[in-house]
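# Chains, contacts and geometry: an overview
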Amino acid sequence: METGVGFGYKIEWLAVRFRSAESVAASLGLGPLSPATWQDAVAAAYAGAWLLTPPVEGWTLAASIEVRAPDDSRFGPWLARLSASLGEVQYFGTHRVVEYHGWGRANGGVVDRAYAYLGERGEVLFHAGEPTPEEQALGVGFVPDDDWWDSWDEDDDDPWPDEETVLTLAGRWSLDPRTLDGAQLAGSPWIAEPTGRPT
């Protein structure tokens, strides 16, 4: 057993259901996998390489500050292409400096949900599909209209997500990477270097 190290703040990651790290790396256009300690793999992800986890509760996570997910209308097709080869793929990203917070979910080449907000500009970057029950429970994932703002009170919750929202949603959809910290896990992670942009 290996002791895991958590992550999730100021980084982007994919959660892929029932796929090996090798198949995820191939779909992302990454180089060969190199075995690593959890500490080294997480540090590498924050330095621009990729961390790929062994399966945890059926999910393989692939994380890096260099995910380079499109932040506009190209996001849906990008996620759909990944899921066409990998099956169920979820995307999460958060960066507190610019207040970027996003997520998406696709399966078999079809995106059922995608949303991102950039607080620095007060802009919804992409919004596809309806908010899921998990998003609704967190009070996020919608684009407030004039009627909503007209009825909004300063004591009401802010409708915009933050990094905690993204991590909590990840846990409700698949796996919150913070829960890896200190967990006894069956297997070590890998580090991979990008050889080009994700497909």
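As a reminder, the structure under discussion sits directly above these lines.
Residues numbered from 1 in each chain as written. Predicted model: local features only at pLDDT ≥ 70, side-chain atom pairs only at ≥ 80, totals over all residues. Heavy atoms only, no water.

Time to look at the side chain of Ser174. With respect to the element layout, Ser174 can be found in the loop between α6 (163–173) and β10 (184–185). Classification of Ser174 by relative accessible area gives buried; the value is 11%. Sequence-distant contacts of Ser174, that is, excluding residues within four places in its chain, are made with Ala15, Trp59, Gln90 and Phe92. (Helix = DSSP H or I, 4+ residues; strand = E, 2+ residues; numbered from the N terminus. Buried < 20%, exposed > 50% of the residue type's maximum accessible area, 1.4 Å probe, protein only. Contact = heavy atoms within 4.5 Å.)

The subject of this paragraph is the pairing of strand β2 (residues 11–17). The element β2 is largely enclosed, with a buried count of six among its seven residues. Where β2 lies against strand β6 (residues 89–95), six bridges are found, and the strand directions are antiparallel. Within the sheet, the bridge partner assigned to Ala15 lies in β6 and is Gln90. (Pairing = 2+ DSSP bridges.)

Phi is positive for Glu57, close to 55 degrees, though the residue is something other than glycine. Checked against the element boundaries, Glu57 lands in the loop between β4 (50–52) and β5 (59–64). We note that Glu99 has phi near 60 degrees; this positive angle belongs to a residue other than glycine. When you line up the elements, Glu99 lands in the loop between β6 and β7 (100–107).

Of the residues making up helix α1 (residues 21–28), those classed as buried are Ala21, Val24, Ala25, Ser27 and Leu28. Each buried residue of α1 lies within a common arc of 165 degrees when the element is viewed along its axis, so the set occupies one face. Those residues of α1 that are buried lie in contact with β2, β4, β5, α3 (75–86) and β11 (190–192). Looking at the residues trailing α1, positive phi occurs at Gly29, about 70 degrees. (Arc of directions from axis to C-beta.)

The next point concerns the sheet that holds strand β9 (residues 123–128). Taken in spatial order, the nine strands of this open sheet run β3-β11-β4-β5-β2-β6-β7-β8-β9, and their pairing is antiparallel. Edge strands, defined here as strands with exactly one partner in the open sheet, are β3 (34–35) and β9. Bridging between β6 and β7 involves seven bridges; their strand directions are antiparallel. Its bridge partner being in β7, Gln90 is matched across the sheet by Arg105. Contacts from helix α2 (residues 38–45) reach β2, β4, β5 and β11, with the element oriented near 25 degrees to β11. (Axes fitted to C-alpha atoms, helices over the stretch in contact; angles between N-to-C directions.)

Turning our eyes to something else, we now look at the nonpolar core. Counting residues in each nonpolar core, the largest one holds 31 residues, and the members touching the most others are Phe7, Trp13, Leu51, Leu61, Phe92, Trp103 and Leu180. Those residues in contact with Leu51 that sit more than four places away from it in its chain are Phe7, Ala41, Val42, Ala45, Leu61, Ala62, Ala63, Pro189 and Trp190. Ranked by size, the runner-up nonpolar core spans 27 residues in total, among them Val16, Leu52, Leu82 and Ala192. (Core = buried A, V, L, I, M, F, W, Y, C linked by side-chain atoms within 4.5 Å.)

The subject of this paragraph is the pattern of salt bridges. One pass over the structure, following the stated rule, counts six salt bridges. The salt bridge involving Arg113 is made with Glu135; its shortest N-O contact spans 2.9 Å. Of this pair, Arg113 sits in strand β8 (residues 110–118) while Glu135 sits in helix α4 (residues 133–138), and the two are 22 residues apart along the sequence. For the pair Arg113 and Glu135, one class covers both residues: buried. One salt bridge connects Arg178 with Glu164, and the closest N-O pair in it is separated by 2.6 Å. With Arg178 in the loop between α6 and β10 and Glu164 in helix α6, this residue pair connects regions lying 14 residues apart in the sequence. Glu164 sits in the partly exposed class, given a relative accessible area of 34%. One continuous salt-bridge network, built from bridges that share partners, spans Glu164, Asp176 and Arg178. (Salt bridge = Lys/Arg side-chain N within 4 Å of Asp/Glu carboxyl O.)

All chains considered together, the criterion is met by nine aromatic pairs. Taking the centre distance of 4.2 Å and the plane angle of 5 degrees together, the rings of Tyr117 and Trp160 count as stacked. Highlighted residues: Tyr117 in strand β8 and Trp160 in the loop between α5 (146–151) and α6, separated in sequence by 43 residues. The buried category is assigned to Tyr117, whose relative accessible area is 9%. Three or more aromatic residues joined by ring pairs form one cluster here, namely Phe7, Trp13, Phe92 and Trp173. (Phe/Tyr/Trp six-rings, centres within 6.5 Å; stacked < 30°, edge-to-face > 60°.)

That's the geometry; what it means functionally is another story.
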